[in-house]
Amino acid sequence: MPQLNLATILYLLTATALWAGNAIAGRILVGSISPITLSAVRWGLAALLLLPFGWRIFKPNSALWKNKIRFLLLGLFGVGSYNVLLYLALQTSTAINVTLIGASMPIWMLFIGAVFYQAKPSLLQMLGAVVSLIGVGVVLSRGNLLALQSMEVVLGDLLIMLATILWAFYSWMLSRPGSSTERQWPWADFLMAQVFVGLLWTTLFDGFEIAAGQAYLDLNWWTGSLILFVAVGPSLIAYRCWGLGVNGAGPTMAAFFANFIPLFTALLSAAMLGEPPQLFHGLAFALIVIGILVSSKAPKPD
């Protein structure tokens, strides 16, 4: 039975804080490196850093080859497609659109769980999702929800919507091991399997960007530092923490924590600009927490 304990909360908060940093880094790097190349370089570095710990997964008798279809999907949904779509979305969509659409994840998690995993959502879970989403709207509109009416839909919005749906599938797959022994794998092996397959998908996608003449990279100490950050923090550390959090709380409850990403993004952006937190940040935090608490009182279908 999934449980929301202190360790699980810390895992999920760590992942979302690092992914907030990834969104900021991705926006800063627009114009310095093409989006799919950024994803390919990011996961290539992550794979090299993880290799000394997870190399056993490449042995001929490893469980990766016995579960290759499962990991082809895990790598595609969670590593390959999601990150490529996110960086592509940041090329054309505004920060408020991308983060607000991404905050719809609890809704998609409930929907996918009901349709594909026979996990019928409860009224409390749906209510919690709505309350958390309002909290996200508060922080993104800086306390003026009417400002959201001026949002315009662009291609990037559709891309991040697709990315969010794929991430919901990825999270449900994490909570449903492909074999009875998967939860006992060494953590580095399990993560290496995802990163390796995800890198293969990303390299394939990058080939199309290169063939179209759209790939570019302006490498200097600043862009190099940002790329190294996204290869370590939002990649290795965040994915490990998210996996632990999903296994601890279940995919539906974990999705509510994703609503902290726009809040952390706003706070980090404000800190970089030297701006103190505002009252609406506190209101948004309270609403997101209330949504999580309300949902946690519901019977766990996952």
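Structural data are supplied above this passage.
Residues numbered from 1 in each chain as written. Predicted model: local features only at pLDDT ≥ 70, side-chain atom pairs only at ≥ 80, totals over all residues. Heavy atoms only, no water.

### As for the overall build of the protein chain
What counts is decided by this rule: Here a strand is any run of E in DSSP of at least two residues, a helix any run of H or I of at least four, and the numbering for each starts at the N terminus. Residues are treated as being in contact if the distance between any of their heavy atoms lies within 4.5 Å. The accessible surface values rely on the Shrake-Rupley method and a 1.4 Å probe; as for residues, cover is taken only from the protein chains in view.
Within the protein chain, the secondary structure is distributed over 13 helices and zero strands. For the protein chain, the succession of helices and strands along the chain, N to C, is α-α-α-α-α-α-α-α-α-α-α-α-α. A separation threshold of at least 6 residues defines the contact pool for the protein chain, and within that pool the share at least 24 residues apart is 89%. Carbon and sulfur atoms form 72% of the exposed surface of the protein chain, whose accessible area is close to 13,500 Å².

### A look at the side chain of S171
Under the convention used in this document: Here's how the labels work: a residue is buried when its accessible area is under 20% of the maximum for its type, exposed when over 50%, partly exposed in between, all with a 1.4 Å probe on protein chains only.
Among the secondary structure elements, S171 is positioned in helix α8 (residues 155-175). Judged by relative accessible area, S171 falls into the buried class, the value being 0%. Not counting residues within four places of it along the chain, the set of residues in contact with S171 comprises M109, W242, V246 and P251.

### A few points about the side chain of T223
Relative to the assigned elements, T223 resides in helix α10 (residues 221-249). Beyond its immediate sequence surroundings of up to four residues, T223 is in contact with L29, S32 and D218.

### As for the nonpolar core
Burial of nonpolar side chains together is a common tendency in soluble globular proteins. The following threshold applies: Here, nonpolar core refers to any group of buried Ala, Val, Leu, Ile, Met, Phe, Trp, Tyr and Cys residues whose side-chain atoms link them within 4.5 Å.
Formed by 79 residues in total, the largest nonpolar core has its most connected members in W19, F71, W167, Y170, Y239 and W242. In terms of residues, this core owes the most to one element, helix α4 (residues 68-92), which gives 11 residues. When near neighbours in sequence (up to four residues on either side) are disregarded, Y170 contacts L74, F77, G78, Q194, Y239 and W242.

### Overview of unusual backbone geometry
Phi at Q118 takes a positive value of approximately 50 degrees, unusual for a residue other than glycine. Within the element layout of this structure, Q118 appears in the loop between α6 (105-116) and α7 (123-140). Its relative accessible area of 66% is what places Q118 among the exposed residues.

### A short note on the packing of helix α1 (residues 6-28) against helix α12 (residues 260-272)
To keep it simple, the criterion reads: Helix axes use the C-alpha atoms of the stretch in contact, all axes being lines fitted to C-alpha atoms, and the angles between their N-to-C directions lie in the range 0 to 180 degrees. Working definition: roughly parallel below 35 degrees, roughly antiparallel above 145 degrees, roughly perpendicular at 65 to 115 degrees, and oblique for all remaining angles. By definition, any crossing whose near helix is turned counterclockwise from its far helix by less than a right angle is left-handed, and any crossing with a clockwise turn is right-handed. Three categories are distinguished: nonpolar for Ala, Val, Leu, Ile, Met, Phe, Trp, Tyr, Cys and Pro, charged for Asp, Glu, Lys and Arg, and polar for the others, with Gly belonging to the last.
Contact geometry of α1 with α12 gives a least axis separation of 8 Å together with a crossing angle of 55 degrees. When the axes of α1 and α12 are compared, the pair comes out oblique. The handedness of the crossing between α1 and α12 is right-handed. Of the residues in α12, those touching α1 at L13, T16, A17, W19, A20, G21, A23, I24, R27 and I28 are F260, I261, F264, T265, L268, S269 and M272. For the contact of α1 with α12, a count of residues per class yields 12 nonpolar, four polar and one charged.

### Notes on the packing of aromatic side chains
To keep it simple, the criterion reads: Ring pairs shown here join Phe, Tyr and Trp side chains whose ring centres sit within 6.5 Å, with only the six-membered ring taken for Trp; geometry is labelled stacked below 30 degrees between planes, edge-to-face above 60, and tilted in between.
Under the defined criterion, the tally for this structure stands at 21 aromatic pairs. Their ring planes at 85 degrees and their centres at 5.2 Å tell us that W19 and W167 sit as a pair that is edge-to-face. On the criterion of sequence distance, the pair formed by W19 in helix α1 and W167 in helix α8 is long-range, its members being 148 residues apart. W167 matches W19 in its accessibility class, with the two residues each being buried. Pairwise contacts between aromatic rings join W19, W43, Y82, W167, Y170, Y239 and W242 into one cluster.

### Some thoughts on the environment of A23
Locating A23 in the fold gives a position in helix α1. Here the alpha-carbon distance between A23 and V98, two residues 75 residues apart in the chain, equals 9.5 Å. Setting aside its immediate chain neighbours within four residues, A23 contacts L90 and T265.

### What about the packing of α1 against α4?
Packing of α1 against α4 leaves a shortest axis separation of 10 Å and a crossing angle of 50 degrees. Of the possible angle classes, the one that applies to α1 and α4 is oblique. Crossing geometry of α1 relative to α4 is assigned as right-handed. In contact with N22, A23, G26 and R27 of α1, α4 contributes L86, Y87 and L90.

Any functional reading would require information that these geometric values do not contain.
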